[in-house]
Amino acid sequence: MSGDIDNIQDVGDALVGVFDNPALLIGIPLALLGAVFMSFGAQYQHRGVTKVELLSGGAASGGLTLTQLGRLLTRPSWILGSLMLGLAIVCQLGALAFAPLIVVQPLGAIALVITTLLNARISGHRPTKQSVRAIIECVGGIFIFVTIAALVATDEPVTTRQLITILIILAVVTVVFGALFLWLRQRMTALFYIIGAGVMYGFVATLAKVVISRIQSGDFEWLTLVCLVSLLLAAAVGAYFVQTAYSSGPPDLVIAGLTVIDPIVAIIIGLTVLGEAANAPLWAYIGFGVAGVIAVIGVWDLARNHPQVVSDSRELPIVRGSVPADQTAAKSGSTRITDAVSKVWPEPPLRDDDLRDGR
């Protein structure tokens, strides 16, 4: 009994200690700014990919071709979105320099909420009760998962054996996703590309931590160079999957997958390979399992019930655009949220109509 009380007190002390830091006044705004950049960047990149798909006259759900990738570099919206995503990365790295992971990582999930509201305003697909529930599952699950990890994990030096193990796992995962892509590419949905991108970016985050640590310690040898090359290759594969996912699904679904799968994969590597939670109590592992299941179910739920996905597949008669003035039906909570956004942001910088007009 006394052991349980000590554990509870340790958790409380850790939570209080996190906020006993003036640097949070810089770290939190940077993390929030990064989430905003990520949301707008996803919207603009999605618009660029959709435009290229329309101009090429074919869907890119089977994977973007080299011609389509080249055309992306000529789309101002896609380039602007890429710059915004670059700024999001800079802001997140800056936030981590001032604030701990337990604060920065959950704040990144706010990008999902912002992207959902932006996409609802731009595409005319208002969030439904099912999609709002899925978003809550995604954000809540990843918040719990990362919080527990930040409380029980310890930063351990990466040994050569552990690093080789990570590289071998990455090679196997890359081969598996590559084989599935080549074999079933014409039948893959956006969920496949989102999962693939999230897994790849999880390895990118882990390898980036290793490379930075080794460079800081002056230990830059052949294995560090292999890590750097593997990091760049994994980032390239993840970026390709993300762009293809934009052509197969709405941007908020893509962001949902990335904000859930990316940190979960990185933390699982830290727990299983790096042994960063070797002394964690049993409740932590139970919490990991429950939170991970909630977050993954949220992504799956959003992929099935997202109003734009349902509308595009013609499974349900979703009405697009604003509600007619003479409509007297009661407004749902999600409708009221969208109407509130339209009052503070009446003219979004891009709309679906712009794609048809060639702008």
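Below or above, wherever it landed, is the structure these notes cover. (Residues numbered from 1 in each chain as written. Predicted model: local features only at pLDDT ≥ 70, side-chain atom pairs only at ≥ 80, totals over all residues. Heavy atoms only, no water.)

**So, the packing of helix 9 (residues 190–216) against helix 11 (residues 251–272)**
For step 1, the next point in the chain: Running from amino to carboxyl end, helix 9 crosses helix 11 at an angle of 40°, the nearest separation of the two axes being 7 Å. In terms of their interaxial angle, helix 9 and helix 11 are classed as oblique. At the point where helix 9 passes helix 11, the crossing takes the right-handed sense. For the pair formed by helix 9 and helix 11, the contact residues are I194, I195, A197, G198, V199, Y201, G202, F203, A205 and T206 on the first element and L253, V254, G257, L258, I261, D262, V265, A266 and I269 on the second.
For step 2, the next point in the chain: Considered class by class, the residues forming the contact of helix 9 with helix 11 number 14 nonpolar, 4 polar and 1 charged. (Axes fitted to C-alpha atoms, helices over the stretch in contact; angles between N-to-C directions. Helix = DSSP H or I, 4+ residues; strand = E, 2+ residues; numbered from the N terminus. Parallel < 35°, antiparallel > 145°, perpendicular 65-115°, else oblique. Left-handed = near helix turned anticlockwise from the far one by under 90°. Contact = heavy atoms within 4.5 Å. Nonpolar A, V, L, I, M, F, W, Y, C, P; charged D, E, K, R; others polar.)

**Quick look at the pattern of salt bridges**
For step 1, the next point in the chain: Scanning the model with the defined rule gives 3 salt bridges in all.
For step 2, the next point in the chain: Taking the shortest distance from any N to any O, the salt bridge between R133 and E137 comes out at 4.0 Å. Of the two residues, R133 and E137 both sit in helix 7 (residues 129–152), 4 residues apart, roughly one turn of that helix.
For step 3, the next point in the chain: A residue is classified by how much of its surface remains accessible, and R133, at 41% relative accessible area, is partly exposed.
For step 4, the next point in the chain: The closest approach of N and O atoms between E221 and R214, which form a salt bridge, is 3.1 Å.
For step 5, the next point in the chain: For E221, a relative accessible area of 24% gives the class partly exposed.
For step 6, the next point in the chain: Salt bridges sharing common partners tie together R133, E137 and D301. (Salt bridge = Lys/Arg side-chain N within 4 Å of Asp/Glu carboxyl O. Buried < 20%, exposed > 50% of the residue type's maximum accessible area, 1.4 Å probe, protein only.)

**Structural notes on the nonpolar core**
For step 1, the next point in the chain: With 73 residues, the main nonpolar core has F203, L207, F241 and F288 as its most contacted residues.
For step 2, the next point in the chain: Elements with a minimum of two residues in this core: helix 2 (24–56), helix 6 (110–123), helix 7, helix 8 (160–184), helix 9, helix 10 (222–248), helix 11 and helix 12 (282–305).
For step 3, the next point in the chain: Residues contacting F203, with those up to four places away along its chain left out, are I166, I169, L170, V173, V265 and I269. (Core = buried A, V, L, I, M, F, W, Y, C linked by side-chain atoms within 4.5 Å.)

**Structural notes on the environment of A88**
For step 1, the next point in the chain: By secondary structure assignment, the location of A88 is in helix 4 (residues 76–98).
For step 2, the next point in the chain: Residue classification places A88 among the buried positions, given a relative accessible area of 5%.
For step 3, the next point in the chain: For the pair A88 and V36, spaced 52 residues apart in sequence, the C-alpha separation works out to 7.7 Å.
For step 4, the next point in the chain: Sequence-distant contacts of A88, that is, excluding residues within four places in its chain, are made with G34, F37 and M38.

**A short note on helix 10**
For step 1, the next point in the chain: Across its 27 residues, helix 10 extends 39 Å between first and last C-alpha, which sits within 8% of the 39 Å expected from 1.5 Å per residue.
For step 2, the next point in the chain: The N-cap residue of helix 10 is E221: its side-chain oxygen and the backbone nitrogen of L223 are 3.0 Å apart. (Expected span 1.5 Å × (residues − 1). Polar contact = N/O pair within 3.5 Å; in protein donor to acceptor, adjacent residues only side chain to side chain.)

**Remarks on a nonpolar patch on the surface**
For step 1, the next point in the chain: A contiguous nonpolar surface patch, about 480 Å² in accessible area, is contributed by I215, F220, L225, V229 and L233.
For step 2, the next point in the chain: No other element matches helix 10, which puts 3 residues into the nonpolar patch.
For step 3, the next point in the chain: One can find F220 in the loop between helix 9 and helix 10. (Patch = residues over 30% accessible without salt bridge, like charges linked within 9 Å, V, L, I, M, F, W, Y side chains within 5 Å. Areas by Shrake-Rupley, 256 points an atom, 1.4 Å probe, with all protein chains shown as cover.)

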